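Reading the structure
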2 protein chains.
Amino acid sequence: MSDGHAKAIKSNLILDGKMLKVSVDDLILPNNQACQFEIVRHPGAAVIVPVDNQNRVTLVRQYRYVCDTWMLEVPAGKLDPGEEPEACAKRELLEETGLVAGKLEPLGIIYPTPGFCDEKLWLYLARELTQASQNLDADEILEVKTYTLENAVELALNGDIQDAKTVCALLRAAHCLKY
Amino acid sequence: MSDGHAKAIKSNLILDGKMLKVSVDDLILPNNQACQFEIVRHPGAAVIVPVDNQNRVTLVRQYRYVCDTWMLEVPAGKLDPGEEPEACAKRELLEETGLVAGKLEPLGIIYPTPGFCDEKLWLYLARELTQASQNLDADEILEVKTYTLENAVELALNGDIQDAKTVCALLRAAHCLKY
């Protein structure tokens, strides 16, 4: 059982949206239990920790409608159809912060909510940064903020940073930089 | 603008499910931009890092249908209606691992996916552990595994652990234990 997979019996598509596809699936689990799962499908996204040569990290303070709050996050954004995660990381970093990354180092992947959504995030450390122009989408509301990496790591560990991808990406980046 | 909030114009409920509520909302953002958002509402959950007095941590290897994969995670589970996060943490720890926590220390909260879902996770370090009996739900498929905290932290940092809440909770727990 411990390496088994589920068998999908029927998938009922409820929403085929701009960003999300939502379905209610009837399935047989690897323990032969029949059940119904509510499923969200998401295109995946790239997440970037931009750290300059003085170990300062650029974050974005962003309005999040569904939580009705402003959150401090690393730059990130959804993959366009067919887009490679690394290309997405460079594009989103430039759009949100105006930074161009000379070098991207992969920091592995994370699944934010494997209980109900297949969203997969590719994490990158961005180095060799140069400044160009920010270019936000109309529905993106964010402010660019700069922190020392030491301070950002402290905010991730003490709970002041509450966005999960930001906590994961900052702590993996600091580890990668042997910080 | 930087502390503004959105105005909801209309919310169209698409799914009122067992676990999730999905809607498509028409709204005015704090920058006065009209837009439509696909929204998932979730009851929230408690997340537990159980660490014994020899600094061994109990994890669960769990089948995740939506990603069709087995994942190494900390114990966690959804809040029942009206349930306090701390009560949920104790209940889920016992159900999934058979462990009873003599002491819970809060490790702050995280939002796994603030871009589209209001799910909020309350993280706890569980100490003073004693062993009782596991009691799984029929649709939960998991194996209990024990690691040294040092090894678990390494798996979170090097990318072998891919569940975001597990990465966040393990690294905050290790920081709290000055590990």
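Residues numbered from 1 in each chain as written. Chains lettered and ligands numbered in written order. Predicted model: local features only at pLDDT ≥ 70, side-chain atom pairs only at ≥ 80, totals over all residues.

A few points about the environment of Ala138 of chain B
Inclusion rule: What counts as a helix is a DSSP run of H or I of at least four residues, what counts as a strand is a run of E of at least two, and both are numbered from the N terminus.
Turning to its location among the elements, Ala138 of chain B is positioned in the loop between strand 9 (121-131) and strand 10 (142-148). For the pair formed by Ala138 of chain B and Ala6 of chain B, sequence separation is 132 residues and the distance between their alpha carbons is 40 Å.

Examining the sheet that holds strand 6 (residues 69-73) of chain B
Residue and element names in this part refer to chain B. What counts is decided by this rule: DSSP calls a pair of strands paired once it identifies at least 2 bridges connecting them. Orientation is described by axes fitted as lines to C-alpha atoms, over the contacting stretch for helices, and by angles from 0 to 180 degrees between their N-to-C directions.
Read from one edge to the other, the open sheet built from three strands follows the order 6-5-10, with strand pairing classed as antiparallel. Looking at the sheet topology across the chains shown, the edges are occupied by strand 6 and strand 10. Strand-to-strand twist in this sheet, taken as the mean axis angle between neighbours without regard to direction, amounts to 25°. In this structure, strand 5 (residues 56-64) lies alongside strand 6, joined through five bridges in antiparallel fashion. Each residue of the ladder has a partner; that of Val60, found in strand 6, is Glu73.

Regarding the nonpolar core
General note: in soluble globular proteins, nonpolar side chains tend to be found buried as a group. Defined as follows: Among buried residues, those of type Ala, Val, Leu, Ile, Met, Phe, Trp, Tyr and Cys that are joined through C-beta atoms within 7 Å form a set called a nonpolar core. Exposed residues have 12 or fewer other C-beta atoms within 10 Å of their own C-beta, buried residues have 20 or more, and partly exposed residues fall in between, where C-beta atoms are placed from the backbone. Placing C-beta atoms from the backbone, we regard two residues as in contact once those atoms come within 7 Å.
Judged by nonpolar contacts, the single largest core of 80 residues is most densely connected at Val47, Tyr124 and Leu170 of chain A together with Val47, Tyr124 and Leu170 of chain B. Apart from the residues within four sequence positions on either side, Val47 of chain B is in contact with Val74, Ala76, Leu121, Trp122, Leu123, Tyr124, Lys165 and Ala169 of chain B. If you look at the next biggest cluster of nonpolar residues, it comprises 27 residues, including Leu29, Ile39, Val66 and Phe116 of chain B.

Overview of the packing of helix 3 (residues 164-176) of chain A against helix 3 (residues 164-176) of chain B
Quick reminder of the rule: What sets the label is the angle itself: under 35 degrees gives roughly parallel, over 145 gives roughly antiparallel, 65 to 115 gives roughly perpendicular, and the rest give oblique. Put simply, a crossing is left-handed when the front helix is turned counterclockwise from the back one by less than a right angle, and right-handed when it is turned clockwise.
Between helix 3 of chain A and helix 3 of chain B, the least distance of the axes is 9 Å, while the angle of their chain directions is 60°. Taken together, helix 3 of chain A and helix 3 of chain B sit at an angle that is classed as oblique. Of the two elements, helix 3 of chain A crosses helix 3 of chain B, and the hand of that crossing is left-handed. Judged by residue contacts, Ala164, Lys165, Val167, Cys168 and Leu171 of chain A of helix 3 of chain A engage Ala164, Lys165, Val167, Cys168 and Leu171 of chain B from helix 3 of chain B.

Overview of helix 2 (residues 149-158) of chain B
Residue and element names in this part refer to chain B. What counts is decided by this rule: When we speak of the arc, we mean the arc of directions from the helix axis to the C-beta atoms.
Within helix 2, burial applies to Ala152, Val153, Ala156 and Leu157. Here the buried residues of helix 2 occupy an arc of 135° about the axis, which is enough to place them on one side. Among the residues trailing helix 2, Gly159 stands out with phi positive, at a value near 95°.

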